[in-house]
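Here are the chains, one letter per residue:
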Amino acid sequence: MTRKTVTQGYPERTVKLVVPFAAGGSTDLVARLLADKMGPILGQTVIVENRGGGGGTLGADAVAKAKPDGYTIGMATMSTHGSNPAVYTRLPYDPIKDFAPITNVVSVPSVFVVHPSVPAQTMKEFIALAKAAPGKYTFASPGNGSLGHANIEQFMDLAGIQLLHVPYKGAGQAATDALAGVVHAMTDNLPSTLPNIKAGKLRALAVLAPQRSPVLPDVPTYRELGFEEMSEGGWFGLVAPAGTPPAVIKRLHEAAHKAMATPEFKEKLAAMSGIPMANSPEQFAAQIRVAIEKYRRIAKAANIRIE
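Residues numbered from 1 in each chain as written. Predicted model: local features only at pLDDT ≥ 70, side-chain atom pairs only at ≥ 80, totals over all residues. Heavy atoms only, no water.

## Observations regarding helix H3 (residues 79-87)
Given 3.6 residues to a turn, an α-helix orients residues that are three or four positions apart in the same direction. A large share of H3 lies buried, amounting to nine of its nine residues. For H3, the complete set of buried residues consists of Ser79, Thr80, His81, Gly82, Ser83, Asn84, Pro85, Ala86 and Val87. Contact partners of the buried residues in H3: helix H2 (57-64), strand S3 (72-77), strand S4 (99-108), helix H5 (147-159), strand S10 (234-241) and helix H10 (281-302). (Buried < 20%, exposed > 50% of the residue type's maximum accessible area, 1.4 Å probe, protein only. Helix = DSSP H or I, 4+ residues; strand = E, 2+ residues; numbered from the N terminus. Contact = heavy atoms within 4.5 Å.)

Structure, rendered in structure tokens:
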């Protein structure tokens with residue numbers, strides 16, 4: 001009689017998908033859509049658990065320290081596996097050594113917006129205003145060292161302008177003050193910002209993505225505006241704790257790709273302006289390394305450090 005290994009019959013119970021941010025954001029929406037489609041393919045329920053805090057570090061750390069048996073997986077983002085490793089001096093996890101990449105899932109554009117009171121209809125006009133009055137115009141971010149902060153620091157460096165950074169405790173608070181005109185500008189994921197753009201409460205000036213968004217066809221990308229280095233939006237992908245058996249990674253990889261190929265997943269992703277990013281574990285690992293190096297350069301240039 002042979003002894004059953006951990007990979008035989010996997011999964012035999014519920015799989016937990018940890019989202020390192022609060023419910024309702026873009027990462028959470030993608031995770032819930034993916035979990036809903038992966039469950040029937042795996043033959044077990046995939047539940048989403050939100051573990052927000054620390055700019056995504058708490059949730060990522062929970063995944064890193066989970067038992068590597070495939071029953072706890074997580075959403076890795078450009079924050080948890082890109083900007084955070086670049087700015088935190090004491091990150092509780094190693095973004096490379098502590099995880100086994102499964103697949104990237106989606107790239108979601110971010111958008112630079114200003115309050116309608118700002119007398120700039122285009123990014124060119126906004127840059128001119130900022131150059132004429134260094135430090136006058138403010139921008140909100142979800143927190144010091146956050147992805148939004150790092151992206152605007154890179155933009156300021158490339159554009160040769162100086163904006164005043166106003167950090168908040170989360171994207172929700174930053175958006176509230178941007179809508180009220182307390183701050184002049186912010187950058188955030190397009191899906192969560194789009195309703196306010198459509199309602200005329202915020203004005204979109206640039207999209208951080210490889211190409212223009214179908215939902216904002218008149219808004220140029222940073223690349224079109226001459227900022228070639230700013231061409232990639234944020235991404236969300238699946239990871240497992242390091243040491244998870246290769247057979248389990250393969251099973252999760254196959255299930256995720258089948259889920260992403262379903263018509264409903266594609267339709268809902270398109271409605272969010274999401275760009276499919278399905279790839280191999282090796283390709284996703286390479287993307288993580290590229291993101292870390294990119295944000296290390298930005299953090300060094302802008303002197304962004306979080307103790």
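That shown, we press on.
## What to know about unusual backbone geometry
Here the residue pair Tyr10 and Pro11 is connected by a cis peptide bond, since its omega of -5° sits within 30 degrees of zero. As for its position among the elements, Pro11 is in the segment before strand S1 (15-19). One non-glycine residue, Ser273, lies in positive phi territory at about 65°. Along the polypeptide, Ser273 turns up in the loop between helix H9 (263-271) and strand S11 (275-276). Exposure remark for Ser273: the relative accessible area of 7% places this residue in the buried category. Within the chain, Asn303 stands out as a residue other than glycine whose phi angle is a positive 55°. Mapped onto the elements, Asn303 comes out in the segment after H10.

## Quick notes on the side chain of Ser231
Looking at the secondary structure, you find Ser231 in the loop between strand S9 (203-208) and S10. At 3.2 Å, the side chain of Ser231 forms a polar contact with the side chain of Arg223. Not counting the four nearest positions on each side in its chain, Ser231 is found in contact with Leu208, Ala209, Pro210 and Arg223. (Polar contact = N/O pair within 3.5 Å; in protein donor to acceptor, adjacent residues only side chain to side chain.)

## Considering the packing of aromatic side chains
Under the counting rule described, the total for this entry stands at nine aromatic pairs. Three or more aromatic residues joined by ring pairs form one cluster here, namely Phe112, Phe126, Tyr137, Phe155, Tyr222 and Phe227. Taking the ring centre of Tyr71 as reference, the NZ or CZ of Arg13 above it sits at 3.7 Å. (Phe/Tyr/Trp six-rings, centres within 6.5 Å; stacked < 30°, edge-to-face > 60°. Lys NZ or Arg CZ within 6 Å of the ring centre and 35° of its normal.)

## Brief notes about the pairing of strand S5 (residues 110-114)
With five of five residues buried, S5 lies mostly within the body of the structure. The side-chain alternation of S5 yields two buried faces, one formed by Ser110, Phe112 and Val114 and the other by Val111 and Val113. Bridge count for S5 against strand S8 (residues 185-189) is five bridges, and the pairing is antiparallel. Residue Ser110 lies in a different strand from S8, and its bridge partner there is Asn189. Where S5 meets S9, five bridges bridge the pair, whose relative direction is antiparallel. Among the inter-strand pairings, Val111 is bridged to a residue of S9, identified as Val207. (Pairing = 2+ DSSP bridges.)

By themselves, these are just geometric observations and shouldn't be taken as functional.
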